Every structure is written in C-alpha cells, then in structure tokens.
Amino acid sequence: MVQQYQSPVRVYKQPFELIMAAYARRFPRCPLIPMFVDSEVLNQSESEDGSVVVTERRCTIDVEAPRLLKRIAGVEYLYFLQKNTLNRRDRTLHIEVHNETFSSRVFVRECCSYTVHPENEDWTCFEQTASLDMKSFFGFESTAEKIAMKQYASSIKKGKEIIEYYLRELEEEGVTHIPRWTPPVEGGLLSADKAVPVSGADGGLPGKDSAPPTELMGCPADDKLDADYIRRYLGDLTPLQESCLIRLRQWLQETHKGKIPKDQHVLRFLKARDFNMDKAREFLCHSLTWRKQHQVDFLLDTWKRPQLLQDYYTGGWHHHDRDGRPLYVLRLGQMDTKGLVRALGEEVLLRQVLSINEEGLKRCEENTRLFGRPISCWTCLVDLEGLNMRHLWRPGVKALLRIIEAVEANYPETLGRLLILRAPRMFPVLWTLVSPLIDENTRKKFLVYAGRDYQGPGGLVDYIDREIIPDFLGGDCMCDIPEGSAVPKSLYRTTEELENEDNCLLTDSIYKSASIFKGAPYEVLIEITEASSVITWDFDVCKGDVFFNIYHSKRAPQPPKRDSLGAHGIPSLGPVNAQLIDKNWVLGKDYSMVEKALTCREGESVQGSHITRWPGFYILQWRFHSSAASAASSLPRVDDVLATLQVSSHKCKIMYYTEVLGSHDFRGSMTSLESCQSGFSQLSAATTSSSRSCTSSTVSRFPLFD
C-alpha cells in the first residue's frame, strides 16, 4: 500500500531571501537533525544571468531501526539524492528527493517548495508532499514501513523549528534583511532602484512583532490550508493527521459536486475513523449523500418547529461549559416521550434532533471565534428526574434508537461530554437498550450521577460554572426550558395517519391497528425458540373495553381458513379475525395461560413485558369486554338487541406494538419492565403500585404519561 503525505501551507512571516539564507545553513550537516549525518554536492549549475541555480546533493541518513533489521538489510546508512532548483527571479525553491538505497525494493519520493505568499510579498510559504511504496523488504515490509513513517513524521515536525533556529542565528549575526535578486547590468553593477528593501529595516526580523492581517488568517493561499489556521481553528494535529485532512479535503474539492463541508466537520469524520483515509472518506460520502438527499444543509432556514414541539419538548441551549463548549440541557425525565411520538411522529422528532445538531455545529464555530481556540463539540446535560416506566415504552425506545443511529452516522465527534444527572434505579435498563448503538468513543464521554451526587466534589461544578447552573438543579440561573407536561391525547394522530405517514428520513411505521369483535378476539402469534426471551408489548384501547391475555402452547396453532360467506351463502357479518386457539383445545392441556387476564378500558394505554419460561408458541389475545351491567343481567337489554343488527357496536379497536428481545438485553431485575396502565390525561408525581404473582412477571398499576 502506498503511503502518502501532504503538508499544510506553512507560512513564515519573513521574506523569501531571508528564508533561503536560513535554509542554506542546513547543509552540509544539521546538528538539529541527528539522523541527517552528512551531505555532499554532486553537481551545481547556474543560468547565464545567475537567476536560476540547480544543486544536486547526496544525503546520508542514519535511520533509527533495530540492529537486527539493519544487519538483515546489510546497510548502516541510507542514501538519498536531492535536487534543488532555486529561481531567484521568481523567488521560488523547488526540492525533489528520491531514495538511492534499495531503489528497486522501495520507492520514496518527496517534493517541497518555498514560494512567496500570494497576498504578502514579504512572507514565504512552504509546502511538502511525499509518498512511500514498500514493494518488498526481506519479509519485513510492515515493520520497515512503520519505522519509515515514524522517522518521517519526526523530521517534518522539526522542519519549521530548524528554519526558525537559523533565522535567530542570522539575527544574532546582524543579518536582518537581504536584498532581492536583480538582473546584472553592463559593467557588473546593479541598478540601485532595482534593489527592493525588505520590511523590518528597524533591526528586527521582518514582520516578527507585527500581527498578521486579519484577512490572511485562516485564508490560505489558493484555498489551501495554512498551518497557523489549522492550529487556530482546528487544534493541534500531528503532521500525518494534517496530511489526512488536507488530502481528504483536496479529494472533496476535485470529486464532490455538492456543497463542500467545512474543515471542522471533515476533521470530525477523520477522528471518528482514527484518521484512516479510506474509511473516513467512505463514512463522509455516505453522510454527504444523506445530507443532499434530505436537504439537511437548509434545515435551519426552512424547517419551522411545530407549536406542539415548542410547548412540550423539554430541551434547549444554555450558555457554555468551562471549556467553552456550547451546553445543551435536556430534561428527559419530564418529557412525555410517548405523547410526542404519538402526536408528531418520528419524522418530526428526528428533524428536531437534526436541527439541534445543526445549531450545535453553528454554535461551535461561534465559540471558536469568541474564545480564540478550537471548539468542535458540545456538552449535553440530561436530567433524569422523573424518569419512570413511560420512558421504557418500546416504540418510543425504538424511535430513540433510530434517531441515535442517524446522529451517529452523520454527526460524529460532536459530543464532547454527556452529564447524566439524577439517574434513577431503573436507568441501567434504559442504558442497556441504548448503549449498543452508541460508538465506543462516545460512550467514554458519559458521566452518570445518581441522586444528588452531582452536587458534591467531582460533580457539576467541575464542568459548569456555578453561576450558570440551572435553577431546577439547585443553581441560581434561570433556564428557559419548558418544564414538561403530558401531551393531551386529543392531539394524538390517528392510526391511519401514523401508518400512512410519509417518512423521508425514517421508514416503516411502528404501529399496527386491529379491530376486536364480540365472539372474535384478535390474536398475535409469537414463536419463541429460546427460553428466557422477553416479549414486550404496548397498546392503546382506542374504542371499547377489552380483556388482554397471554397463552402458551407447545404446538403451532393452525388458523382456520376465512370464509366470507355464511352457511346459506349470505355474507357473514360475524367474526372476521383468524382464530389461533382452536375451539377444541382444552385449557391446561393443549395450551396454558401465562398471564392473568387484564381488563383494559377505553382510553387506557398498557405497556409491559413477559419473560418466557419455555420455548414454543405464545399467543397475545385481546377479547371484547361487555359492560358490567350487561354481564350481570340474565335478560338482554333493548340496546343489546338492537346492537345485534349493527356489527360496529360490538367492535373494539386497539393500536399495538410488540417485540421479542433476547434475555441478554436486560441484565438485572426485570421488575421495572412489567405491565402498567395509564389514563389519557393522568400526570402525577405520586406512584402507587400493587402487584400479584404471575408465572414470571408482576403487574403494576400507576398513573403516568400515556
């Protein structure tokens, strides 16, 4: 594999002629580079007018390598050939280097250039490119390549230090400026008006004490990256990391037809892939395609947050942390996650999260300018006070996981730190669900505080200034974030709307609807191949009252064929649901009940789970439930008689979601995952529960968001 290097543009704030004088002092040997043992001039030529000088050298390099490797290779030193072309008229120096030793096994090529800064003729630019192609090396190709790259990176780092060292040496000798080259005139005299003095004739090095013009900072020549710009806006990178950034940026400029992402964003993708160019390029290309497809670049300008989201979404930006990172506060424990999903759909919530991330990128740029140092990520503070069973609502958790996937795929390395406060006992269960989709590097940035631990040493004050700690966390700063409340069910979208939702960023609806008729229950068959699997469910009773049961059978039910005609060829108005439990089956023999029947009233939401004891077939059943008055009377009421003529009167409607999870997804107690019921508009801090023994689960009833 060919290793390549591309340097940023290194700017010296001295004129070209002075830089050349410093460069010449590197030869024949340089004590600042121990590996550079010696050099000899093989040939030197000059043009007639003296404007162009070509110098060819043979350089001796002592590479730091294991003694055994040197003995196997049979060499003590490596030799390189260097060709320097100095053009005094154009004020350029071009350097070409290639290896003489092992030239048939290894191909090393390096090109460097010193040129005048295009916007300041008293400054000098330096650029460097190199490539290494290790064809064969006595079976030690990988080792030799690593040694070569390490040595090269070390020498690159010293390059600027060496020039600056010799510049100081020149200054100590009194050499502070050198006239530019001028063509000779007759008699060997130079025209006085041709000698252009260099800035800084006050005795100091030109431009040494003067700050660079604002318009030049961060604006590299010909849209190239300046080393000072990288350090100021992107941070301290190693030479090889700088090279990866520059090469990936160049590749985008040459091949990408859409909007080129900013350097900070390109760098995030490289960091996420440990500066592996190929992996980062593939990662970035997928994200750019996604951004273009969904017009994410215009999201902040075109997307308007629904009023419902503004009223019930309990999150917002709040100043910055001690490192200058933008701070986002999310009161997740107070948020009606299910209500938001049911009222808005996943698409809207995803757009909300994407807009937060886009706003975060924007704030990072602003803080970078404000604080004068690179800030590429933000801090997120999540308050879990109030977290309970409603947040483990499976469709909501699944929606959260899909949103996390989208964020991880398109906003890598944007989270600098995640502070999780007031985590309840059930937090490990939620964490177990979410953590597998979060990148390992991101997970290392999580800090979790239970109860009031965040108020002590090593807590919140270590990361956020005391004066901006939100008031709801015991601070004095007012935080303009909604406190949260239940989303009214009157704002919920209908089943049909959710199922037919045109999701651009997400696909497939997570809900199914079903009708339950008198005498015709609705049943869902779930095959379990491994004991201790977890069946989870969530359903809303949209119309009528129902009984909910779970049964187990060792043999597979055979659903009967549907017959749309009655016995006399008349269309049947009766049962329309396929029955999985055969009428000839005997309870306790052919199948068994694993959960006691749960009565669910119209308007209630039910969530829960069941740990399976045996493999086999499990049947979730919803049955029509008659009113208590009707059940207690032996004589039919007038309404019941009339209802027999209208099938719709004997119909209940539910909206449900089920999923099977492996037991390894839930380490620890399962008691926080069991069935619970809630009404339409119940919101209470008090929680009451009563439990009764079932085969493997506990039924809990308490008020919560639904």
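Residues numbered from 1 in each chain as written. Predicted model: local features only at pLDDT ≥ 70, side-chain atom pairs only at ≥ 80, totals over all residues. Heavy atoms only, no water.

If you look the protein chain up in an unreviewed UniProt entry, it shows as SEC14-like protein 1 from Fundulus heteroclitus.

**Considering the sheet that holds strand E18 (residues 592-600)**
Strand order in the open sheet formed by four strands is E15-E20-E17-E18, and the pairing between neighbours is antiparallel. Here the strands that pair on one side only, and so sit at the sheet edges, are strand E15 (522-528) and E18. Averaged over all pairs of adjacent strands, the angle between strand axes in this sheet comes to 15°, irrespective of strand direction. (Pairing = 2+ DSSP bridges. Helix = DSSP H or I, 4+ residues; strand = E, 2+ residues; numbered from the N terminus. Axes fitted to C-alpha atoms, helices over the stretch in contact; angles between N-to-C directions.)

**Digging into helix H7 (residues 277-293)**
Here H7 spans 24 Å end to end across 17 residues, near enough to the 24 Å set by a 1.5 Å rise per residue. Of the positions making up H7, those classed as buried are Met-277, Ala-280, Phe-283, Leu-284, Ser-287, Leu-288, Trp-290 and Arg-291. Buried residues along H7 cover an arc of 160° about the axis, so they all sit on one side. Exposed residues on H7 whose side chains face more than 90 degrees from its buried face are Lys-279, Glu-282, His-286, Thr-289, Lys-292 and Gln-293. Contact partners of the buried residues in H7: helix H5 (239-255), helix H6 (263-272), helix H11 (346-371) and helix H12 (394-410). (Expected span 1.5 Å × (residues − 1). Buried < 20%, exposed > 50% of the residue type's maximum accessible area, 1.4 Å probe, protein only. Arc of directions from axis to C-beta. Contact = heavy atoms within 4.5 Å.)

**Looking at the side chain of Asn-99**
Relative to the assigned elements, Asn-99 resides in strand E6 (residues 92-99). Here the side chain of Asn-99 touches Val-106 through a polar contact of 2.8 Å, landing on its backbone oxygen. There is a polar contact of 2.9 Å between the side chain of Asn-99 and the backbone nitrogen of Val-108. Beyond its immediate stretch of four places on either side in the chain, Asn-99 contacts Tyr-79, Phe-80, Val-106, Phe-107, Val-108 and Arg-109. (Polar contact = N/O pair within 3.5 Å; in protein donor to acceptor, adjacent residues only side chain to side chain.)

**Overview of the sheet that holds strand E12 (residues 415-423)**
Overall, mixed pairing links the five strands, which are arranged E9-E10-E11-E12-E13 in an open sheet. Of all the strands in the sheet, the pair left with one neighbour each is strand E9 (315-320) and strand E13 (446-450). With strand direction ignored, the average angle separating the axes of adjacent strands in the sheet is 20°. Taken together, the four bridges between E12 and E13 define a ladder with parallel strand orientation. For Leu-418, the partnering residue across the bridge sits in E13 and is Phe-446. Packing against the sheet, H11 makes contact with E9, strand E10 (326-330) and strand E11 (378-383), and its axis sits at approximately 10° to E9.

**As for a nonpolar patch on the surface**
Together, Leu-68, Ile-72, Phe-138 and Phe-140 make up an exposed nonpolar region whose accessible area comes to about 340 Å². Summarising the element assignment, Leu-68 is placed in helix H2 (residues 67-73). (Patch = residues over 30% accessible without salt bridge, like charges linked within 9 Å, V, L, I, M, F, W, Y side chains within 5 Å. Areas by Shrake-Rupley, 256 points an atom, 1.4 Å probe, with all protein chains shown as cover. Salt bridge = Lys/Arg side-chain N within 4 Å of Asp/Glu carboxyl O.)

**Describing the packing of H11 against H12**
Where H11 meets H12, the axes come as close as 10 Å, and the angle between the chain directions of the two elements is 40°. Seen from above, H11 lies across H12 with right-handed handedness. The segment H11 lies against H12, with Glu-346, Leu-349, Leu-350, Val-353 and Asn-357 engaging Ala-399, Arg-402, Ile-403, Ala-406 and Val-407. Tallied by class, the residues present in the contact of H11 with H12 amount to seven nonpolar, one polar and two charged. (Left-handed = near helix turned anticlockwise from the far one by under 90°. Nonpolar A, V, L, I, M, F, W, Y, C, P; charged D, E, K, R; others polar.)

**A look at the confidence of the model for the protein chain**
Chain-level statistics for the protein chain give a pLDDT mean of 79 and a share of 80% at 70 or above. Note on residues 629-647: pLDDT under 50 across the span, and nine contacts to partners over four residues away in sequence or across chains. Confidence drops under a pLDDT of 50 for residues 665-706, and excluding neighbours within four residues, the segment shows 121 contacts in the predicted structure. (pLDDT = per-residue confidence, 0-100.)

**Some details on the packing of aromatic side chains**
Counting across every chain of the model gives 22 aromatic pairs. Aromatic side chains Trp-317 and Tyr-328 sit 5.0 Å apart centroid to centroid with 80° between the ring planes, which places their arrangement in the edge-to-face category. Here Trp-317, found in strand E9, pairs with Tyr-328, found in strand E10; they are eleven residues apart in sequence, far enough to count as distant. Each member of the pair, Trp-317 as well as Tyr-328, carries the same accessibility label: buried. A connected cluster of aromatic rings, assembled from ring pairs, spans Tyr-522, Trp-537, Phe-539, Phe-548, Trp-622 and Tyr-656. Directly above the ring of Phe-138 sits Arg-105, whose terminal nitrogen or CZ lies 4.2 Å from the centroid. One Lys or Arg, Arg-281, reaches over the ring of Trp-251 and ends 5.3 Å from the middle of that ring. (Phe/Tyr/Trp six-rings, centres within 6.5 Å; stacked < 30°, edge-to-face > 60°. Lys NZ or Arg CZ within 6 Å of the ring centre and 35° of its normal.)

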